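Given next are the chains, with one letter for each unit.
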Amino acid sequence: MSVCDYNKGRHSCYSLHLHIVFVTKYRRKVFGTLHLQSLEATFRELCEGFDAELKEFNGESDHCHLLIATSPKTPGVAKLVNSLKAVSSRRLRREFNDIAGAFGKNVLWSRSYFAGTCGGAPLTVIKQYIEQQDRPI
């Protein structure tokens with residue numbers, strides 16, 4: 001990684017990336033193309049509020065992957081994840097009747113999630129992995 005690939009703050013130089021995976025409750029296959037497009041727009045908007053950037057997004061019918069570039073000023077991962085899950089669930093259930101009726105309660109996501117820092121593999125490999133998800137038509 002060259003110096004040009006790092007972000008700079010007033011007193012810092014950094015490269016922080018998170019690979020986050022959210023899974024639907026009971027691993028139900030509820031997402032189609034429109035759902036994933038809406039999720040991507042929601043996640044992109046929410047990341048901006050956290051001084052972060054959604055670099056890559058994709059998903060399948062029962063889960064989604066996010067590659068997020070953060071900064072040292074971004075609040076903790078748990079706070080970011082909780083906000084992403086809560087707001088996206090609320091917005092998606094409000095926007096799509098099929099999602100709202102898929103579960104008995106006002107829930108979309110499983111309580112668990114995956115969050116990994118990206119440093120062992122080159123970001124191009126992780127981006128390629130996310131791009132190659134079997135997105136529903």
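Our subject is the structure that appears above.
This section reports on the structure supplied with the text. Every value quoted in this text rests on a predicted model; they were computed, and no experiment measured them. (Residues numbered from 1 in each chain as written. Predicted model: local features only at pLDDT ≥ 70, side-chain atom pairs only at ≥ 80, totals over all residues. Heavy atoms only, no water.)

1. Some details on the side chain of Thr74
By the secondary structure assignment, Thr74 is in the loop between strand S5 (63–70) and helix H2 (77–95). Using a relative accessible area of 12% as the deciding quantity, one classes Thr74 as buried. Sequence-distant contacts of Thr74, that is, excluding residues within four places in its chain, are made with Phe50, Asp51 and Ala52. (Helix = DSSP H or I, 4+ residues; strand = E, 2+ residues; numbered from the N terminus. Buried < 20%, exposed > 50% of the residue type's maximum accessible area, 1.4 Å probe, protein only. Contact = heavy atoms within 4.5 Å.)

2. Overview of the pattern of salt bridges
If the charged atoms of two oppositely charged side chains come close together, the side chains can form a pair. Taken as a whole, this structure holds six salt bridges when the rule is applied. Among the ionic pairs, Asp62 bridges to Arg27, the shortest N-O distance being 2.8 Å. Here Asp62 is found in the loop between strand S4 (53–60) and S5, whereas its partner Arg27 is found in the loop between strand S3 (16–24) and helix H1 (33–49), with 35 residues between them in sequence. By relative accessible area, Asp62 is classed as buried at 6%. Residue Arg27 is classed as partly exposed on the basis of its relative accessible area, which comes to 45%. One salt bridge connects Lys29 with Asp62, and the closest N-O pair in it is separated by 3.5 Å. Placement of Lys29 in the loop between S3 and H1 and of Asp62 in the loop between S4 and S5 is noted, with a sequence separation of 33 residues between them. One salt-bridge network, held together by shared partners, links Arg27, Lys29 and Asp62. (Salt bridge = Lys/Arg side-chain N within 4 Å of Asp/Glu carboxyl O.)

3. Observations regarding the side chain of Lys85
Note on placement: Lys85 falls in helix H2. A polar contact is formed between the side chain of Lys85 and the backbone oxygen of Arg111, at a distance of 3.2 Å. In this view, Lys85 contacts Phe22, Trp109, Ser110, Arg111, Ser112 and Tyr113; residues no more than four positions away in its chain are not counted. (Polar contact = N/O pair within 3.5 Å; in protein donor to acceptor, adjacent residues only side chain to side chain.)

4. Observations concerning the sheet that holds S4
Ordered in space as S4-S5-S3-S6, the four strands form an open sheet in which the pairing is antiparallel. Sheet topology places S4 and strand S6 (109–117) at the edges, where each strand pairs with a single neighbour. Going from strand to strand, the sheet's axes swing by 15° on average, the running direction of each strand aside. Judged from the six bridges that link them, S3 and S6 form a sheet pairing that is antiparallel. Among the inter-strand pairings, Thr24 is bridged to a residue of S6, identified as Trp109. (Pairing = 2+ DSSP bridges. Axes fitted to C-alpha atoms, helices over the stretch in contact; angles between N-to-C directions.)

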